[in-house]
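Residue-level listing of the chains:
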Amino acid sequence: MAELDIFSPEVSHVVGGMEGKSIVIYGPNRSGKTSNVAKAPNVLFLSFEKGLNAINNVPYFYINNWSKFLKLVKQLCSPATIDAAKAKYSTIVIDTIQGITELADEYICAIYNIGSVGAGNSGYGNWKEYEKEMLKPIKQLCSAGYTVAFLAHEVERKLKDENGEEFTQLFPKSGDLKRCSAIICDYCDFIAYAQTQSNDANGGEVLSTLYLKGTQAFYAGSRFKKIVPAIPEWNWDKLVKAINDAITKEEIETGVKATTFEQVKKEEARQEAADKESLNESVADLVKEMGLMLNCMNQLEGNIETYNKLLKELNATNFKASSITEESSQEDKMKLEYLHNALVEKGYY
């Protein structure tokens with residue numbers, strides 16, 4: 001059976017290029033968000049609002065219900081269609097964050113028959129279900145190898161500094177900032193703020209500046225510490241160059257060459273297969289040991305009520321450990337492992 005070895009860990013690698021990168025770009029109207037991102041290579045807009053009215057020849061789908069969004073994501077990410085999809089599209093644009101969060105909100109309310117997500121679950125809210133539902137397609141898109149750009153308007157939020165003084169900061173807009181925008185921002189590689197600029201001394205237009213490092217005035221940031229703080233008069237090509245330059249600087253500093261997205265996915269697939277094999281190989285041993293521990297429990301206590309209580313806690317009173325095999329679902333295998341470990345902790349091993 002394959003065993004975990006603390007002396008042979010996996011090693012992380014920075015992925016070069018834009019493949020698999022995710023970025024939030026937010027700001028006021030006419031800050032170049034849509035027009036600049038529309039010039040990305042092989043772009044497809046998944047539009048939750050009608051923001052392409054002034055731009056010609058941009059492929060898009062207008063999304064007005066959650067099921068339609070899920071169907072599109074499935075086609076973009078399914079093993080049966082992903083090769084053809086990636087041959088046509090390399091940049092997926094979600095326009096806007098508020099749109100995606102509102103449709104996810106409507107979906108959860110409809111499923112649970114509640115007036116609002118916060119009102120569900122006896123007033124505690126169905127926020128876990130909401131987060132899981134919203135993040136699932138986002139994770140699929142972001143892990144499929146596309147460059148994924150999330151567009152958003154700006155909104156003010158109130159925060160406090162280290163001295164307890166309140167200040168106002170600009171942030172990507174959504175229905176609930178903490179549970180909507182923040183969820184997406186935490187998942188993305190970059191959060192960038194596009195700020196409009198005043199005209200020059202002669203009255204000429206100065207294009208917006210894209211900020212990649214935040215201040216107290218606006219929220220921004222990156223997983224790449226070598227990224228430039230700002231890109232004056234930004235466009236998509238300048239953004240790509242800034243990201244590639246940050247990766248190159250990281251390579252120089254660490255002496256480690258960036259890898260490719262394809263290599264990372266191959267390693268992830270190899271590790272996933274190894275983990276599955278390890279779990280499958282251990283199933284028979286776990287079932288056998290469970291039988292011995294339950295027999296021990298019965299001899300010591302005259303019954304197996306301790307075990308039955310564990311099953312009730314898992315809401316799995318019909319679960320039969322002896323019936324679990326390599327062909328059983330991952331969920332059942334995980335329950336088996338959990339129950340086995342719980343009995344070991346209780347001293348029956």
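Scroll up for the structure.
Residues numbered from 1 in each chain as written. Predicted model: local features only at pLDDT ≥ 70, side-chain atom pairs only at ≥ 80, totals over all residues. Heavy atoms only, no water.

1. Here we look at the overall build of the chain
We count it as follows: Here a strand is any run of E in DSSP of at least two residues, a helix any run of H or I of at least four, and the numbering for each starts at the N terminus. With a 1.4 Å probe rolled over the protein chains alone, any residue whose accessible area is under 20% of its type maximum counts as buried; one over 50% counts as exposed, and the rest are partly exposed. It only takes one pair of heavy atoms within 4.5 Å for two residues to be counted as in contact. Only the protein chains shown count as cover for residues, and all accessible areas are computed by the Shrake-Rupley method using a 1.4 Å probe.
A count of helical and extended segments in the chain gives ten helices and eleven strands. For the C-alpha atoms alone, the extent of the chain along its principal axes is close to 95 × 50 × 50 Å. For the chain, the residues scored as buried account for 41% of the 349 residues in total. Long-range pairs, those at least 24 residues apart, make up 63% of the contacts in the chain between residues at least 6 apart in sequence. Surface accessibility of the chain: about 20100 Å² in total, with carbon and sulfur atoms responsible for 48%.

2. Quick word on the packing of helix α4 (residues 97-112) against helix α5 (residues 127-142)
Filter applied, for reference: For every element, the axis is a line fit to its C-alpha atoms; helices are fit only across the contacting stretch, and the angle between N-to-C directions ranges from 0 to 180 degrees. By definition in this entry, angles of less than 35 degrees are roughly parallel, angles greater than 145 are roughly antiparallel, angles of 65 to 115 are roughly perpendicular, and the rest are oblique. Note: crossing handedness is left-handed where the near helix turns anticlockwise from the far helix by less than a right angle, and right-handed where it turns clockwise. Ten residue types, Ala, Val, Leu, Ile, Met, Phe, Trp, Tyr, Cys and Pro, are classed as nonpolar, four, Asp, Glu, Lys and Arg, as charged, and the remainder, Gly among them, as polar.
Interhelical geometry of α4 versus α5 gives an angle of 130 degrees and a closest axis separation of 10 Å. Viewed along their axes, α4 and α5 adopt a mutual orientation that is oblique. Seen along the crossing, α4 lies across α5 with a hand that is right-handed. Residues Ile 100, Thr 101, Ala 104, Asp 105, Tyr 107, Ile 108 and Tyr 112 of α4 lie in contact with α5, whose contacting residues are Glu 129, Tyr 130, Glu 133, Met 134 and Ile 138. Classifying every residue of the contact of α4 with α5 by side-chain character gives eight nonpolar, one polar and three charged.

3. Quick look at α4
Short version of the rule: The length a helix should cover is 1.5 Å for every residue beyond the first.
Look at α4: 23 Å from first C-alpha to last across 16 residues, which is about the 22 Å you get at 1.5 Å a residue. Of all the positions in α4, only Ile 97, Gln 98, Gly 99, Ile 100, Thr 101, Leu 103, Ala 104, Ile 108 and Cys 109 are classed as buried. Residue Asn 113 follows α4 closely and has a positive phi angle near 55 degrees.

4. Things to note about the packing of helix α9 (residues 305-313) against helix α10 (residues 330-345)
Where α9 meets α10, the closest approach of the two axes is 11 Å, and the angle between their N-to-C directions is 135 degrees. By the angle between their directions, the pair α9 and α10 is classed as oblique. For the pair α9 and α10, the sense of crossing is right-handed. Side by side, α9 and α10 meet where Tyr 307, Leu 310 and Leu 311 of the first sit next to Leu 339, Ala 342 and Leu 343 of the second. Looking at side-chain class alone, the contact of α9 with α10 contains six nonpolar, no polar and no charged residues.

5. Considering the side chain of Thr 101
Here Thr 101 lies in helix α4. What makes Thr 101 buried here is its relative accessible area of 2%. With near-sequence residues (within four places) excluded, Thr 101 lies in contact with Tyr 130, Met 134, Ser 174, Gly 175, Cys 180 and Ile 184.

6. Section: the nonpolar core
To be explicit about the condition: Each nonpolar core is a collection of buried residues, namely Ala, Val, Leu, Ile, Met, Phe, Trp, Tyr and Cys, held together in the definition by side-chain atoms within 4.5 Å.
The biggest cluster of nonpolar side chains holds 46 residues, and the ones touching the most others in it are Leu 46, Leu 76, Leu 141, Tyr 146 and Phe 150. Not counting residues within four places of it along the chain, the set of residues in contact with Phe 150 comprises Ile 23, Val 24, Ile 25, Ile 94, Ile 97, Ile 138, Cys 142, Ile 184 and Cys 188. Ile 23, Ile 227, Trp 234 and Leu 239 belong to the second largest nonpolar core, which has 29 residues in total.

7. Some details on the environment of Tyr 107
Note that Tyr 107 resides in helix α4. Tyr 107 sits 26 residues away from Glu 133 along the chain, and the two C-alpha atoms are 8.9 Å apart. Sequence-distant contacts of Tyr 107, that is, excluding residues within four places in its chain, are made with Trp 66 and Glu 133.

8. What to know about the side chain of Glu 250
Condition: Charge assignment in this entry is limited to Lys and Arg as positive and Asp and Glu as negative, and neither His nor the chain termini are counted. Salt bridge criterion: a side-chain nitrogen from Lys or Arg within 4 Å of a carboxyl oxygen from Asp or Glu.
For Glu 250, the position within the fold is in helix α7 (residues 236-254). For the buried residue Glu 250, which engages in no salt bridge, the nearest side chain bearing the opposite charge is Lys 225, 4.7 Å off. Residues in contact with Glu 250, not counting those within four places in the same chain, are Val 14, Lys 225, Lys 226 and Gly 255.

9. A short note on the pattern of salt bridges
As enumerated under the stated definition, the model contains six salt bridges in all. When the shortest N-O distance is used, the salt bridge between Lys 226 and Glu 253 registers 2.6 Å. One end of the pair, Lys 226, is in the loop between β10 (221-222) and β11 (230-231); the other, Glu 253, is in helix α7, with 27 residues separating them in the sequence. For Glu 253, a relative accessible area of 44% gives the class partly exposed.

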